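# Residue-level structural notes
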Amino acid sequence: MSPAHYIFLSVVLFAIGGVGVLVRRNAIVIFMCVELMLNACNLAFVAFARMHGNLDGQVVAFFVMVVAAAEVVVGLAILMAIYRARKSASVDDANLLKY
Amino acid sequence: METTLAATGVLRYSWLLLAFPVFGAAVLLLGGRRTDKWGHLLGVAMSLASFVYGVIAFFTLLSYTDRSRDLHMFSWIPVDGFQANIGILLDPLSISFVLLITGVGSLIHIYSIGYMSHDVDRRRFFAYLNLFIAAMLLLVLSDNYLGLYAGWEGVGLASYLLIGFWQFKPTAAVAAKKAFIANRVGDAGLSLAIMLMFAEYGTFNFGPVFHQMSSGSTSGGTGVTTAIGLLLLLGACGKSAQVPLQSWLLDAMEGPTPVSALIHAATMVTAGVYLIVRSNPIFNISPTAQLAVTVVGAVTLLAGAIIGCAKDDIKKSLAGSTMSQIGYMFLGAGLGPAGYVFAIAHLIAHGFFKAGLFLGAGSVMHGMDDEVNMRRYGGLYKFLPVTFVTFALGYLAIIGIPPFSGFWTKDGIIEAAWDKGGTSGYILAACAIIGAGITAFYMTRMMFMTWFGRPRWQEPGPQASAEPRTGQPHEHAPHPHESPWVMTIPMILLAIGSVAAGGFLIINQRFANFLAPVTGEPAPPHGVWSTPGIIALVLVVVGVGIAWLIYGRVPVPATAPRGSFVTVAARKDLYGDAFNESVLMRPGQWLTRLSVYFDGRGVDGLVNTVAAVIGGSSGRLRRVQTGYARSYALSMLLGAVLLVAGLLVVRL
Amino acid sequence: MIPHILAAGGGGTNLDAYWSVSFFWVLAVLSVGAALAMIFMRQAVHCALMLAVVMLSLAVMYAMQGAPFLAFVQVIVYTGAVLMLFLFVMMLIGVSSADSLRETIKGQRVWAAIGGVAFMILLIVGIGHASIGSAPTSFSSTGNQANNLTGIAQLIFTTYVYPFEITSALLITAALGAMVLAHRERTEPKLTQRDISRRRVASGQVQPEPPPGVYALHDAVDMPAMLPDGSTTDRSVSRAISQRDPELGRDPQGEVAEDRDAEQRIEAERAIEAAARGETQ
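Below you will find a few notes about this structure.

Scoring rules and cut-offs
Residues numbered from 1 in each chain as written. Chains lettered and ligands numbered in written order. Predicted model: local features only at pLDDT ≥ 70, side-chain atom pairs only at ≥ 80, totals over all residues. Heavy atoms only, no water. Axes fitted to C-alpha atoms, helices over the stretch in contact; angles between N-to-C directions. Helix = DSSP H or I, 4+ residues; strand = E, 2+ residues; numbered from the N terminus. Parallel < 35°, antiparallel > 145°, perpendicular 65-115°, else oblique. Contact = heavy atoms within 4.5 Å. Nonpolar A, V, L, I, M, F, W, Y, C, P; charged D, E, K, R; others polar. Pairing = 2+ DSSP bridges. Phe/Tyr/Trp six-rings, centres within 6.5 Å; stacked < 30°, edge-to-face > 60°. Buried < 20%, exposed > 50% of the residue type's maximum accessible area, 1.4 Å probe, protein only. Buried area = accessible area lost by both parts, 1.4 Å probe. Salt bridge = Lys/Arg side-chain N within 4 Å of Asp/Glu carboxyl O. Polar contact = N/O pair within 3.5 Å; in protein donor to acceptor, adjacent residues only side chain to side chain. Arc of directions from axis to C-beta.

## Here's the deal with the packing of helix H2 (residues 27-52) of chain A against helix H3 (residues 56-86) of chain A
Residues and elements named next belong to chain A.
- Here H2 crosses H3 at 175 degrees, and the two axes come no closer than 9 Å. With respect to H3, the axis of H2 lies roughly antiparallel. For the pair H2 and H3, contact is made by Ala-27, Ile-28, Phe-31, Val-34, Glu-35, Leu-38, Asn-42, Phe-45, Val-46 and Ala-49 and by Gly-57, Gln-58, Val-60, Ala-61, Val-64, Met-65, Ala-68, Glu-71, Val-72, Gly-75, Leu-76 and Leu-79, respectively.
- Partitioning the contact of H2 with H3 into residue classes produces 16 nonpolar, four polar and two charged.

Okay, structure coming up:
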């Protein structure tokens, strides 16, 4: 398959992940959708690496993975702290900027 | 007309004429209550000082062959293309007025010492009187129209202040306002005339304006001159209470009696006549304007006389008489060079006898606890003998019995109208003659009701007067008594003038020759008797007789009878007020109400609508801020979509 | 099949066209379907499982494109560690905290769908217009190296050494941050052993209470436990069972009631004895 197909797939997965962030209310699920978007980016990077014929894309994808891992760690820790405080994991609770 | 010579010698100090009363007014107004003790004496002294200088100036002027001097005082607006100066012009016309104003004015000042002796605000009264004298002198002495206008406005102000002198009386305050507003209408006409004059001739001074006008060196031609003349007539009507601006004069009787005597009999109301006679070159060129002046004069003559017949208030009856006599002056002034002299002569004579009549009425009021209703008088000749004699001399003068003043001057006007000839001349003469008859009627009525007959003031009945400051009716019947000498001496002096002034001026054409440099060559003189004069005299006798029949032979009823519809109309000032109200006042009120409505609903509605729209839309718009992070994320996504779309549109 | 997937030489081009196309389409459909399922599932755990499917299929795709190292890292690190971390947190937070399917914000779903579809279409159109070109025959940077791993290693430690060092600092920071955030501060001082033993003696109950279930009469999971006052509590039975068994905890053989009566009789006699003894003393 040409890299173009992989990139289209990456776009589709990215869009699905984006819609998932907007639609779900549970904080963990939203986080997981963000992970999906990151994975789609990784796929795009690898496809581009194959297109260009060098490994730079793969190295970047590797770094993305590392950073995503760090991000998940901190994010979930925050989530746990918030859950302990207010006993709810819904992101709609933070609506104090309402008119 | 050649340029006037500059003043020299004594006449260089002519500004003193104005300075004395201005100084008096300033000191008395600014000094306040501190000057209460001697304020009245200062006022009289200033007025007398002006009179003394006036006499000196008069004799100095007589000694010249060319009896005209101009004194430039200062430059008021020295702008290129608009030079306005204040200067004094001394010539026969202005010096005659100066003598009249300061002479009669000083006598009335002296009279006021006695009349206002019980009033707390006497000092303020004298301040305003001095202010009036100053403004009137500026009016007659000014050498250009702009200074005349300044004096014109000044006398209007003084009149307002003096009519409304007893401010606590609502009727007085309203009357003062009415006088000022009616005058303002006339002032608009005068200012338009001055503006037209400046636009046409580029100057305000009398000499250059008349010179350019008569030499026909302008583009406007007689049309402009007629317009100026008619506008000047409008201004004169306002100040002199002629039809159609006559409504304020009868209400002006709310002021103290010396005010009525000085302002609304002798001087201010004659300013209109002065204006017309001073502007005689304008009227000589424009026959239309002259005709308008005569028509106004004739109509007012008759209207004033009819109103005077029905009034029970002695001051209002005299006011109607004043209106009528000034109508005579206007009639004379509109007849051209033949009539100017008689108009001014009648003006001077009228100044004497009308002031005398008013001061006499004031003396009667002083003795009768300020009662003005003639139906409460009766048989007073026993109690106020000096007043009776002076009043009677004034009465004989005004109705035109020879050899008293009125005969000479009024007959002069009637003869001038008769000599004009043509339809207009005979109609005007007829009006004047009939007017003389009616004058005789109402003046005789006044005499009978006041001085003769049964005393009606001892019975209880409707009482018009009340305590001035509290408004409470008097507790007891009045005790009529003669006035003190400070009030009777001026009346006596004025009575002498009433007797002698007319003959002095008219016989041997003395006044005509004196005024010739200003008004032009006079007409050839008549004999003492002439056809219209005899007819007038006959009608006068008839009028006296009718009045005796109604008021002399039969006792005067204490309450006014209903009367015919003419009487009812005359009591209502010939519906002058009703006309003004329905034609001017109510539409004015509707107009203001309409504009208030538009302002409130239209303009305010627009502004409020803008505010409401913004408020409402912002209230709706703030609902976009839901506070949910997800909706913000949605807007981020949509923004990203727009961005990508934009990029694609640009690069594809 | 593995050699077919892990293309030799790290190029990814010696895969059979038949294999690469079929694998691609299968995996593509699978991953898109799993992604869609992920965003629509109610339970969070199910979403995590779907995400695992997506990640695994992506790993295979990496392998197909000549990135074997990345494929294994994806499986081990991403799916194995990160996703498990998600599951751990779900355990701590509460598995049963299910999302209600009703959307509270008006128009959010509609506009999210429109935005997502529009985004997808725009990007596809844009990228479609770009000339992607076909894959080259081999990776250039592995020309000097033996295989994919060595090539990546060379890149990381030479060209990208700065990002590498900084990323390592980031990881340390993240670990510390997680510790700090998840830390719970004591609100009262920690009880020492001395304090605990003092409390125990003071309370009167020195020896520990028998662990639950010592005096149990039944060990069936559908029998409710007995409380100290003798009543049973249905909460001790798993909800999964209690929801399905309406006859739960009714003591069908009357043993619990017998025990209670026996207990009361014993108690009454002990009271009489104590009263008798107490009076004589």
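Here the narrative resumes, following the displayed structure.
## Structural notes on the pairing of strand E2 (residues 69-79) of chain B
Residue and element names in this part refer to chain B.
- Sheet analysis places strand E1 (residues 5-6) next to E2, joined by two bridges and oriented parallel. Note on E2: the bridge partner recorded for Ala-6 is Asp-70.
- Where E2 and strand E3 (residues 82-90) come together, nine bridges link them in antiparallel fashion. By the bridge assignment, Ser-75 is partnered in E3 with Asn-85.
- The antiparallel pairing of E2 with E3 creates a hairpin that spans two residues between the two strands, and Gly-81 there sits at a positive phi of about 90 degrees.

## Looking at the packing of aromatic side chains
Residue and element names in this part refer to chain B.
- Within this structure, the stated rule accounts for 33 aromatic pairs over all chains.
- Relative to Phe-210, the ring of Phe-206 has its centre 6.0 Å away and its plane inclined at 5 degrees; by these criteria the two rings are stacked. Placement of the pair is Phe-206 and Phe-210 together in helix H7 (residues 206-214), with a separation of four residues, close to one helical turn.
- For Phe-206, a relative accessible area of 3% puts it in the buried group.
- Look at Trp-418 and Tyr-426: their rings are 5.3 Å apart centre to centre, the planes differ by 80 degrees, and that puts the pair in the edge-to-face class.
- Its relative accessible area of 28% is what places Trp-418 among the partly exposed residues.

## Let's talk about the interface of chain B and chain A
- Each side of the interface is counted separately: chain B has eleven residues, and chain A has twelve residues.
- Where chain B abuts chain A, roughly 1100 Å² becomes buried across the two surfaces, and 57% of that area is made up of carbon and sulfur atoms.
- Of all residues in chain B, Gly-627, Tyr-628 and Arg-630 of chain B give up the largest surface area on contact with chain A, accounting jointly for 51% of the area buried on that side.
- Our count for the contact surface shared by chain B and chain A stands at one salt bridge.
- Arg-630 of chain B serves as the salt-bridge partner of Asp-92 of chain A, at 2.9 Å between the closest nitrogen and oxygen.
- Taken together, the connections running from chain B to chain A amount to three residue pairs in polar contact (both at pLDDT 80 or more).

## What to know about H7 of chain B
Residues and elements named next belong to chain B.
- Inspection of H7 places Phe-206, Val-209, Phe-210 and Met-213 among the buried residues, and these make up the whole buried set. One side of H7 carries all its buried residues, which in axial view fall inside an arc of 90 degrees.
- Where the residues of H7 are buried, they touch E3, helix H5 (145-163), helix H6 (170-201), helix H8 (222-240), helix H11 (271-278) and helix H12 (280-285).

## Looking at the interface of chain A and chain C
- If you look at the interface, chain A gives 66 residues, while chain C gives 83 residues.
- For the chain A and chain C pair, buried surface summed over both sides reaches about 6900 Å², with 76% attributable to carbon and sulfur atoms.
- For the pair chain A and chain C, the number of links is zero salt bridges.
- At the boundary of chain A with chain C, the tally comes to eleven residue pairs in polar contact (both at pLDDT 80 or more).
- Of all elements in the fold, only helix H1 (3-23), H2 and H3 of chain A reach the threshold of two or more residues within the side of chain A that touches chain C.
- Of all the elements, H3 of chain A adds the most residues to the side of chain A that touches chain C, at 23 residues.
- Looking at the side of chain A that touches chain C residue by residue, the class counts come to 50 nonpolar, nine polar and seven charged.

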